[in-house]
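Residue-level listing of the chains:
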Amino acid sequence: MQGPEDEGVVPRQAVRTEEQLPARPYGGKAMLRLLELLETQGLSPLAEAAASVATTDDVRTEAVAHARSLGLLSEAPPARRARPRKRTAAAEQDGEAEPAEEAGAAEVATPETVAATYAEVAADRTGPPTGTGPQWRSVGPWTVTNGQTYGSSRVNVSGRVSALAVDPGNPAHVLAGAANGGVWESRDRGASWAPRTDYATTLTVGALAFDPSAPAKVYCGLGEGDWWWWLGNGVLRSADGGASWTPACTAPFVGQGFHALKVDPGNGQRLFAGTTGGLYVSTDSGTTWTQRRAAATFAIVRGTSAWLASSTDGLFRSTDNGTTWNAVTLPGAPASFVRLAVSTGPSNTDVAYAFGTGAPWIPQPGGSPIPTGYLWRRAGGTWTAVALPPGLSTGQSWYDWYVAAAPDVDTQVYCGAIEVHRGDLSGTTWTWQTISNKGTTGQSIHPDQHSIAFEPGNPNMVYAGCDGGLFRSPDRGITWVNCNNGLTISELEYLAQDWGSARWLIGGTQDNGTNRWTGSPVWEHVEDADGGDVVVNRQNPAIVVHSRQWGALFRSTSRGDWGTWSNVTPTRPAGEGLGLFYPPLEGSATSGDTVALAMQALYVSRDNATTWTRVGFPAAGTGTAVGVPDPDTVLVGLSDGRVLRTTFTAGAWSALTALTSPRPGAVISDLVATPGGSGRIWATSTSRGGGRVFRSDNGGQAWVDRSAGLPPLPINAVSVDDWNSNRVWVAADLGVYQSWDGGASWGDYSATLPNAFIGDLVFHPNARVLRAGTRNRGVWEIPVDGWMTQPICGTQWTGTLAANASGRWFTFGWPATWHMLWTAVPTSPAPGAPQLTFKTQVERADAEHVTYWITVRNLTGAPITFEGRYCILSRY
């Protein structure tokens with residue numbers, strides 16, 4: 001979806017000057033998010049490579065320099081090549097730390113070494129987990145209602161669908177590949193779904209292909225070419241239509257993302273792959289591959305007598321089953337392309353379409369240039385240019401772009417970009433419809449288009465995969481049905497909770513706004529745009545503050561209900577930058593109304609974001625983590641490893657003072673501290689090549705590296721057990737890990753958790769449940785002490801009553817999440833008649849606790865002694 005400057009979602013100043021607009025690199029908002037992720041993980045060479053993906057040769061140097069000027073790319077030092085991690089069984093058992101980094105030049109990660117490291121970590125969880133110990137379970141979103149579109153209609157959404165395939169032997173059988181959520185299978189045209197690769201070495205999916213000659217055989221390209229390309233890890237193969245999968249190969253695709261997979265309809269052993277690393281051909285059902293072209297390849301299609309492949313360096317044709325490729329001349333084509341898609345129509349393979357972007361680059365007011373769009377049609381062996389669809393957006397063509405000829409007529413084509421445009425040719429005249437966005441007069445779907453498929457035998461039935469999930473049209477895009485029920489692939493950025501309810505969460509999602517859970521698997525979309533960090537006031541959970549992209553803050557005083565949000569963004573000084581795309585936002589972890597936002601300065605409010613105080617950093621920096629242990633203390637972590645603290649004293653916030661850095665130069669990803677900030681502090685980092693979990697027991701004066709025993713992956717979040725300060729959980733890019741001894745040792749805590757990217761953790765101290773927000777497998781939870789299998793019962797007090805007297809007792813401080821029974825039981829037997837009666841009443845003492853009032857009446861003519869007994873049935 002668009003940024004705040006596109007929709008009028010801006011800080012409170014009525015007009016933003018050009019210098020205050022969010023600065024975007026070449027490739028737009030999606031590229032900005034990608035560069036931030038890679039840079040905060042210490043993957044500068046990969047970030048520079050990513051910045052190049054959105055450009056062509058003529059502006060590549062300029063684009064990289066521009067991204068560097070925006071602070072999105074760092075200057076990489078001289079470096080040595082990284083090697084994949086190798087751990088012995090003994091080291092794994094003993095929880096040994098990673099070997100210390102060698103002195104001298106820094107180690108540079110490559111896509112191959114990064115992907116290999118992730119695969120090695122995931123290898124321990126590549127099969128269905130055992131039933132031993134507490135287990136994670138999904139809490140959805142099973143679907144998200146009220147999702148956003150660029151039209152007036154609201155739709156059910158899920159998350160990004162990067163690949164699609166429909167079974168040529170069973171039109172109701174559909175496979176969908178989620179960006180980082182694995183392969184999903186439906187047997188009823190998308191009405192219901194089941195995940196099929198939760199324990200693969202990576203859940204990033206870029207391409208799916210059925211074998212037309214044997215539809216039970218299916219192939220999956222691991223590594224999403226559109227975004228998560230550096231996590232690619234080969235090809236999976238299924239022999240049962242996608243219900244189960246086994247690796248077909250890893251080499252040569254480690255560290256590459258897939259854009260296309262094709263099976264030769266005349267020879268099921270011959271496969272073609274288009275990846276970020278080139279064009280490949282296999283003649284043994286995907287076991288081994290030969291690279292035939294080195295340029296990134298986006299699409300491969302079969303014509304009447306030849307194969308066509310579209311790459312960054314143009315369109316190519318092969319008449320010898322992919323062994324050699326010859327350039328195809330497209331009239332007026334640029335020298336190179338950001339993206340080029342190609343498609344042939346099954347009804348007439350002599351007709352083909354090519355759809356791409358490249359030079360010249362078109363300047364944009366207040367933003368980076370965008371590439372020019374191109375569309376060609378081949379008929380009678382001749383390629384001719386076609387006028388572009390009205391309203392076509394090319395700025396993110398590196399990320400969302402495809403072309404597809406209609407299966408049954410050679411005069412109809414679908415062009416996917418931000419929107420889906422359908423073109424119909426009559427004579428020499430093209431008529432275009434934007435079928436994904438009907439404005440105020442029809443059904444629309446979510447924007448940002450990634451994949452398309454048609455139902456075999458029914459060309460009217462079209463599937464469209466986008467950032468909002470999957471949609472199906474029975475009439476070529478005139479009307480739409482959502483296919484997002486049960487497709488649990490939301491990309492959660494951050495989570496927040498109500499401490500007084502075990503079944504209430506709210507979270508920000510990539511391109512799908514802020515969504516709320518109230519106990520049902522169905523979540524509700526409660527606020528638009530890109531959803532970022534969220535704060536729930538612990539003492540008054542009706543007050544919720546959330547961020548859109550670039551720190552635009554909104555507040556609800558109605559528990560986040562749709563339509564109850566008002567803009568509470570702090571005003572920044574002219575010329576001050578915006579910080580991260582999703583800047584860190586936190587509220588007091590204990591009491592009070594303090595909220596803190598870290599951008600290129602710290603902004604603090606003591607009245608739930610009504611008024612703000614700006615507290616400048618001692619030196620320029622970007623906030624990457626915030627901790628608010630109490631209403632008078634705020635800690636902020638920066639991208640350069642600094643940790644700063646401010647306290648509220650004498651009616652004002654003090655200047656930020658620097659604590660000792662746990663790891664200078666490393667990105668601080670999370671901070672958790674005891675009240676006052678002068679005792680224990682936990683800090684985590686996403687920067688590779690060193691410690692990523694640190695503990696200080698003296699308010700940041702000194703730190704101990706507690707990374708030993710953890711995999712060499714970025715650590716994104718930390719959470720501490722309120723009942724046991726030495727019990728700690730951390731979230732890595734893959735998996736959750738637990739320590740019982742203050743970080744001295746760690747154990748994998750991921751039983752039944754998919755091999756998904758874990759972005760955030762929240763621990764509910766009363767329900768005793770840990771939640772994990774993933775990208776793109778929704779939200780998962782685990783009872784850290786196991787689910788209660790039998791009640792916990794005891795005696796709370798002993799009381800006495802005179803003959804025929806009544807009395808009332810109260811017991812307080814009980815968590816509101818607990819389900820409890822109370823009873824009064826005489827201590828001395830007196831058979832023959834009731835001795836007493838009692839009544840229990842409940843007072844909601846505060847946001848997370850209740851007080852029980854028990855009235856007891858003596859039914860006898862003699863004094864009586866009794867016990868007030870409780871029974872805890874469940875904490876959840």
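Here, the structure is the one placed above.
Residues numbered from 1 in each chain as written. Predicted model: local features only at pLDDT ≥ 70, side-chain atom pairs only at ≥ 80, totals over all residues. Heavy atoms only, no water.

*Asks:* What is the right way to read the overall build of the protein chain from this model?
*Replies:* The helix and strand tally for the protein chain stands at 6 helices and 67 strands. Relative to a compact globule of 876 residues, whose C-alpha radius of gyration would be 29 Å, the protein chain shows 29 Å and is just as compact. Considering only C-alpha atoms, the protein chain reaches an extent of 105 × 65 × 60 Å along its principal axes. The 876 residues of the protein chain split such that 60% are buried. Across the protein chain, contacts joining residues at least 24 apart in sequence account for 56% of those joining residues at least 6 apart. Here the protein chain has roughly 30,500 Å² of accessible surface; of this, 52% comes from carbon and sulfur atoms. (Helix = DSSP H or I, 4+ residues; strand = E, 2+ residues; numbered from the N terminus. Rg over C-alpha atoms; globule rule 2.2 N^0.38 Å. Buried < 20%, exposed > 50% of the residue type's maximum accessible area, 1.4 Å probe, protein only. Contact = heavy atoms within 4.5 Å. Areas by Shrake-Rupley, 256 points an atom, 1.4 Å probe, with all protein chains shown as cover.)

*Asks:* Just checking my understanding: could you explain helix H4 (residues 60-69) for this structure?
*Replies:* Side chains three or four residues apart in an α-helix point the same way, a direct result of the helix having 3.6 residues per turn. Of the residues making up H4, those classed as buried are Ala 63, Val 64 and Ala 67. Axial view of H4: buried residues confined to an arc of 95 degrees, hence all on one face. Facing away from the buried side of H4 by more than 90 degrees, the exposed set consists of Thr 61 and Ser 69. In the core, the buried residues of H4 are packed alongside helix H2 (28-40) and helix H3 (44-53). Taken from the residues just after H4, Gly 71 is the one with a positive phi, measuring 80 degrees. (Arc of directions from axis to C-beta.)

*Asks:* Any chance you could explain the pattern of salt bridges here in plain terms?
*Replies:* For side chains of opposite charge, pairing can occur when their charged atoms come near one another. Following the criterion strictly, the structure yields 37 salt bridges and no others. Across the pair Arg 339 and Asp 226 runs a salt bridge whose closest N-O atoms are separated by 2.9 Å. Residue Arg 339 is located in strand E22 (residues 337-345), and its partner Asp 226 is located in the loop between strand E11 (218-222) and strand E12 (233-238); the two are separated by 113 residues in the primary sequence. Members of the salt-bridge network, linked through shared partners, are Arg 33, Arg 160, Glu 224, Glu 491, Glu 493 and Arg 775. (Salt bridge = Lys/Arg side-chain N within 4 Å of Asp/Glu carboxyl O.)

*Asks:* Where do I start with the environment of Gln 510 in this structure?
*Replies:* By the element assignment, Gln 510 lies in the loop between strand E35 (505-509) and strand E36 (514-517). Sequence-wise, Gln 510 and Glu 491 are 19 residues apart; in three dimensions their C-alpha atoms are separated by 5.7 Å. A distance of 3.3 Å separates polar atoms of two side chains, one belonging to Gln 510 and the other to Asp 467. (Polar contact = N/O pair within 3.5 Å; in protein donor to acceptor, adjacent residues only side chain to side chain.)

*Asks:* What exactly am I supposed to notice about the side chain of Ser 52 here?
*Replies:* With respect to the element layout, Ser 52 can be found in helix H3. Among the polar contacts made by the side chain of Ser 52, one reaches the main-chain carbonyl oxygen of Glu 48 at a distance of 3.2 Å. The residues contacting Ser 52, other than those within four sequence positions of it, are Arg 60 and Val 64.

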